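# Per-entry structural report
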Amino acid sequence: ILLSYQKFDVNQTAGFRKQIAQSGGSMLVVKKRVFMKAAEQAGLHLNYQDMEGHIGIVFSGSETVATTKTVCKFCKDNNEVLKIVGGHFQRQICRAADFEKIATLPSLDQMRSTLLGVFEAPMANLLATVEALLTSVPYCLENKASQGA
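These numbers come from a predicted model, not from an experiment.

With that out of the way, let us pick up the nonpolar core. Core analysis: the biggest nonpolar cluster contains 21 residues, and Leu-3, Phe-8, Phe-16, Val-58, Val-71, Leu-82 and Ile-84 have the highest contact counts within it. Listing elements by their share of this core, those giving two or more residues are strand S1 (2-5), helix H1 (10-22), helix H3 (64-77), strand S4 (82-89) and helix H4 (96-102). Counting residues per element, this core draws most heavily on H3, at 5 residues. In this view, Phe-8 contacts Thr-13, Phe-16, Met-27, Phe-74, Val-81 and Leu-82; residues no more than four positions away in its chain are not counted. Formed by 7 residues, the second largest nonpolar core is a distinct cluster that contains Val-30, Phe-35, Met-36 and Ile-55.

Structure, rendered in structure tokens:
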């Protein structure tokens, strides 16, 4: 994720780096001229005016969505400190709005639990049906016996 920042003090930077590290990512501060030359050599044509202030790059580890959520949350909580300019996500170039959408995705653990729930639901329904059948027969017999007595 490519970030632009201007009023980012030392305490905020340390707190942001800590949050990014907890989500499995890391942040690197880059000189704007060096970054623009590297981007140009890589075939990316970026607008120099979009990147006011200094440039920071956030690299995500294995949990990309969690890192993206952390960056978006920090940007919302600290107005005018950080601004997402764009970035790269799953071999696609993304804009800031795309990263805000990515941040709304569920985490990996949430997706896993949802998938397990999908697998578990038919078995649970079958078990409930079998239990209802097995308990209904003795209940009917008991009810019939109590009526006949």
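That shown, we press on.
A regular strand places its side chains on the two faces of the sheet in alternate fashion. Pairing between S1 and S4: 4 bridges, direction antiparallel. By the bridge assignment for S4, Leu-2 is matched with Gly-86. Across 4 bridges, S4 lies against strand S5 (residues 92-95) in antiparallel orientation. Bridge assignment links Gly-87 to a residue of S5, and that residue is Cys-94. The antiparallel pairing of S4 with S5 creates a hairpin that spans 2 residues between the two strands, and Gln-90 there sits at a positive phi of about 50 degrees.

So, how was this worked out
Residues numbered from 1 in each chain as written. Predicted model: local features only at pLDDT ≥ 70, side-chain atom pairs only at ≥ 80, totals over all residues. Heavy atoms only, no water. Core = buried A, V, L, I, M, F, W, Y, C linked by side-chain atoms within 4.5 Å. Buried < 20%, exposed > 50% of the residue type's maximum accessible area, 1.4 Å probe, protein only. Helix = DSSP H or I, 4+ residues; strand = E, 2+ residues; numbered from the N terminus. Contact = heavy atoms within 4.5 Å. Pairing = 2+ DSSP bridges.

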